[in-house]
Amino acid sequence: MTATALARAPISNRPAPGFYRFKVGAFEATIVSDGPLNLGPLRSDIFKGLSKEEMAKIFNDNFLPTETTEVDQNALVINTGRNLVLFDTGTGKRLKGFGPHTGRLLLNLAAAGINPRQIDAVVVTHAHPDHCFGLLNARGERIFPRARIFISQADFEYWTTEGNAANDTLKQMIAGARQQLLPNRSRITFINDGEEVVPGIRAMATPGHTVGHTSFMISSGGHALCNIGDIAHHHIISTERPRAEFAFDTDGEQAVASRLRMFDMLAAERIPMVAYHFPWPGLGYLSKRGDAYRYHPAALRTVI
């Protein structure tokens, strides 16, 4: 007799909600996905000094697809008990240049039980499209209406100045940044190196990827977490080849210097970090390996 299945269920074709929650001392941290971001086919100019063939070998050796370069978008939310702080806003719903799977931040915030209207601080590590183009919706309305916006003055001024549009790519990036940032000017507070956004969250200047790129150290009850933003873009190449400049760095040499300085500190002090573009959820540690590093994804827990 042939066995017959007694129960059937339709294929859902729906992913699990894209959020992960954990504690940093007394603070509650939630990483929320804006979706995977596609940088297109492998090419030799993504990381300076690495040919397409070298990249393909690195990807293949690490069981990664060799047809395209895809990274994640890991937005961090910190609930201090007094403030609800979002770091970066993703691409928004209108930007489609990075593939069809971006723009999921609001969906995943809802899944995590976080109401955008309750966020009172939006911290922009830098003004690239995948970090600040989700401030306003398609109707020009504020998505986080109660929030003050924190960004470095250098980044704000650079990415809202039309004269800096030296090529078509920069023209599009600056036009989008102006569209998102200028209507919010009255709500923007410029944040400087060493200053606190709210108690327990301190800015750390890490320029190079952009002129005013800023990372943030979160501290509570003797515990720490560093949100490194975009000082690194790939969990293998940026750690094992940390001196390789990234195609979208404003100043590649300065970006490398910021990366090495931060990586040395994080490795020496064993501080966990959230990397915006590392594999979901981008939470992990760094260790020193000679003149390079190794990324160690954090062990994820199903309880807090």
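Above this text you will find the structure in question.
Attention in this report is confined to the structure presented alongside it. This is a predicted model, so every value here is computed, not measured.

### Looking at empty space enclosed by the protein
Counted according to the given criterion, the structure contains 1 cavity of 30 Å³ or more. Reported here for the largest cavity is a volume of approximately 40 Å³. Taken together, the residues of the lining of the largest cavity break down into 2 nonpolar, 4 polar and 3 charged.

### Overview of the sheet that holds strand 9 (residues 188-190)
Spatial strand order, 1-2-5-6-7-8-9: 7 strands in an open sheet with mixed pairing. Edge positions in the sheet fall to strand 1 (19-24) and strand 9, since each of these pairs with one other strand and no more. Going from strand to strand, the sheet's axes swing by 25° on average, the running direction of each strand aside. As paired elements, strand 7 (residues 121-123) and strand 8 (residues 148-151) share 3 bridges and run parallel to each other. For Val 122, the partnering residue across the bridge sits in strand 8 and is Ile 149.

### Quick notes on helix 1 (residues 52-61)
Along helix 1, the residues that are buried comprise Met 55, Ile 58 and Phe 59. Considered in projection along helix 1, the buried side chains sweep an arc of 95° and stay on one side of the axis. Residues of helix 1 that are exposed and point over 90 degrees away from its buried face: Glu 53, Lys 57 and Asn 60. Turning to helix 1, the residues buried within the fold contact strand 4 (68-71) and helix 6 (237-240). Phe 63 sits one or two residues past helix 1 and shows a positive phi near 60°.

### Focus on unusual backbone geometry
Trans is the prevailing form of peptide bonds, just as negative phi is the prevailing case for residues other than glycine. The peptide bond linking Trp 280 to Pro 281 adopts the cis configuration, its omega dihedral lying at 0°. Considering the arrangement of structural elements, one finds Pro 281 in the loop between strand 14 (273-275) and strand 15 (283-289). At Asn 13, a position not held by glycine, the phi torsion is positive, near 55°. Within the secondary structure layout, Asn 13 lies in the segment before strand 1.

### A few points about the pairing of strand 16 (residues 292-297)
Of the strand pairs in this sheet, strand 15 and strand 16 are connected by 6 bridges, and their pairing is antiparallel. Within strand 16, the position partnered with Arg 289 by the bridge is Ala 292. Counting the residues between successive antiparallel strands, the hairpin from strand 15 to strand 16 contains 2 residues, one of them, Gly 290, with a positive phi of roughly 65°.

### Points about the sheet that holds strand 11 (residues 201-205)
Taken in spatial order, the 7 strands line up as 10-11-12-13-14-15-16 in an open sheet, and their pairing is mixed. Looking at strand neighbours, the two that pair on one side only are strand 10 (196-198) and strand 16, the edges of this open sheet. Here the average twist between neighbouring strands, direction ignored, is 35°. Judged from the 2 bridges that link them, strand 14 and strand 15 form a sheet pairing that is antiparallel. The residue of strand 15 that forms the bridge with Met 273 is Gly 284.

### Considering the side chain of Thr 89
Note that Thr 89 resides in the loop between strand 6 (84-87) and helix 2 (105-111). Judged by relative accessible area, Thr 89 falls into the buried class, the value being 2%. Among the polar contacts made by the side chain of Thr 89, one reaches the main-chain amide nitrogen of Gly 134 at a distance of 2.9 Å. Excluding its chain neighbours within four sequence positions, the residues that come into contact with Thr 89 are Asp 34, Leu 105, Val 122, His 131, Cys 132, Phe 133, Gly 134, Leu 135 and Phe 144.

### What about the side chain of Asn 137?
Tracing the backbone through its elements, the reader meets Asn 137 in the loop between helix 3 (129-132) and strand 8. Reaching out from Asn 137, the side chain makes a polar contact with the backbone nitrogen of Arg 139 at a distance of 2.9 Å. In this structure the side chain of Asn 137 is engaged in a polar contact, spanning 2.8 Å, whose partner is the side chain of Glu 141. If sequence neighbours within four positions are ignored, Asn 137 has contacts with Arg 94 and Ile 143.

### A short note on the pattern of salt bridges
On inspection of all chains with the given rule, the structure shows 8 salt bridges. Its salt-bridge partner being Arg 178, residue Glu 162 comes within 3.9 Å of it at the nearest N-O pair. With a gap of 16 residues between them, Glu 162 in the loop between helix 4 (153-159) and helix 5 (168-181) and Arg 178 in helix 5 connect regions that are remote in the sequence. Accessibility expressed as a relative area gives 26% for Arg 178, which makes it partly exposed.

### Quick word on the pairing of strand 1
Residues of strand 1 alternate between two faces, with Tyr 20, Phe 22 and Val 24 buried on one and Phe 19, Arg 21 and Lys 23 left unburied on the opposite face. Direction of pairing for strand 1 relative to strand 2 (residues 27-33): antiparallel, over a ladder of 6 bridges. When the bridges of strand 2 are listed, Lys 23 appears paired with Glu 28. Count of turn residues in the strand 1/strand 2 antiparallel hairpin: 2 residues, of which Gly 25 carries a positive phi of about 60°.

Conventions we followed
Residues numbered from 1 in each chain as written. Predicted model: local features only at pLDDT ≥ 70, side-chain atom pairs only at ≥ 80, totals over all residues. Heavy atoms only, no water. 1 Å grid on protein atoms, 1.4 Å probe; cavity = no way out; pocket = protein on both sides within 12 Å on 5 of 7 lines; lining within 4 Å. Points joined across faces, edges and corners; volume = space filled by probe spheres on them. Nonpolar A, V, L, I, M, F, W, Y, C, P; charged D, E, K, R; others polar. Pairing = 2+ DSSP bridges. Helix = DSSP H or I, 4+ residues; strand = E, 2+ residues; numbered from the N terminus. Axes fitted to C-alpha atoms, helices over the stretch in contact; angles between N-to-C directions. Buried < 20%, exposed > 50% of the residue type's maximum accessible area, 1.4 Å probe, protein only. Arc of directions from axis to C-beta. Contact = heavy atoms within 4.5 Å. Polar contact = N/O pair within 3.5 Å; in protein donor to acceptor, adjacent residues only side chain to side chain. Salt bridge = Lys/Arg side-chain N within 4 Å of Asp/Glu carboxyl O.

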